[in-house]
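Letter by letter, the chains look like this.
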Amino acid sequence: MQYKYVTDNNLENIQTYMYSEYFGLDFLKAYWQSRLENITSKELSRCDMENKIENYIQSDVSAKLFDLWEKIKNVDIGDIKDHVDPYVKKFEVKKRLYRKYETDGRAVLESGYDEYASYILLGMIVSELYRGSDNLKYLNCMLKITDTLISVRKAMDGELVQIAEKLMTDELEYIDCLLRKNSIDVEDI
């Protein structure tokens, strides 16, 4: 079985995850293999991620997400999630993050949605929120973000790829923990 949620470009070929068929361990094997095939660089520290991503901030959205990333280190998760959840919802609904949004939350369509740093920043934030809360909403969003990042990997700068790979590593760690909680050993898949 092949992991089917990564296309040549998930931003253009939007994936619908609703009504997905259940494939059990075969699906988990395909997912796990897909992630492992896309992790090729050395592990980055949080500090390295911050230093690298800061160079790619080009829009209102990525600047706001970077500010949220900076705040997440110093505030209670409950204080930040209300600011993050609108971005999670935007991504979950459209599978895109536009460079700019109107004050009423509508996307400025002509601003574009190909600023990969925004997806990476949202991935970094939802990773931290999941780590601190075990709220599956954030892991679910992270899974879809990493699917998207893998799909546009060839178009991303090398430093962005490194950060995306760090997100994939974290994601595998979270999935491994969930599997173990359900008495499924990674070695079995």
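Residues numbered from 1 in each chain as written. Predicted model: local features only at pLDDT ≥ 70, side-chain atom pairs only at ≥ 80, totals over all residues. Heavy atoms only, no water.

Trainee: Explain the environment of Ala117 to me, please; I cannot follow it from the model alone.
Mentor: Inspection of the secondary structure assignment puts Ala117 in helix H5 (residues 116-133). Each residue touching Ala117, except ones within four places of it in the same chain, is listed here: Ile53 and Tyr56. (Helix = DSSP H or I, 4+ residues; strand = E, 2+ residues; numbered from the N terminus. Contact = heavy atoms within 4.5 Å.)

Trainee: Looking at this structure, I do not really get empty space enclosed by the protein. What am I missing?
Mentor: Per the stated rule, a full pass over the model turns up one cavity of 30 Å³ or more. Roughly 30 Å³ of volume is contained in the largest cavity. As for the largest cavity, its lining consists of Lys4, Tyr5, Ser20, Glu21, Phe23 and Phe27. Looking at the lining of the largest cavity residue by residue, the class counts come to three nonpolar, one polar and two charged. (1 Å grid on protein atoms, 1.4 Å probe; cavity = no way out; pocket = protein on both sides within 12 Å on 5 of 7 lines; lining within 4 Å. Points joined across faces, edges and corners; volume = space filled by probe spheres on them. Nonpolar A, V, L, I, M, F, W, Y, C, P; charged D, E, K, R; others polar.)

Trainee: I would appreciate a short explanation of the layout of surface pockets in the present structure.
Mentor: The probe, sized like a water molecule, is rolled over the atoms to show the empty space still left. A volume near 610 Å³ is recorded for the largest pocket. Contributing to the lining of the largest pocket are 22 residues, with Phe27, Leu28, Tyr31, Leu143 and Ile175 lying nearest its centre. Put simply, the parts of the chain that give the lining of the largest pocket at least two residues each are helix H1 (24-37), helix H6 (136-151) and helix H7 (158-181). Classifying every residue of the lining of the largest pocket by side-chain character gives 15 nonpolar, four polar and three charged.

Trainee: Looking at this structure, how should I read the confidence of the model for the protein chain?
Mentor: Predicted coordinates in areas of low pLDDT are best not read in detail. Mean pLDDT over the protein chain works out to 93, with 99% of the residues at or above the 70 mark. For the protein chain, helix H2 (residues 46-54) is the element with the lowest average pLDDT, namely 90, and H6 is the one with the highest, namely 98. (pLDDT = per-residue confidence, 0-100.)

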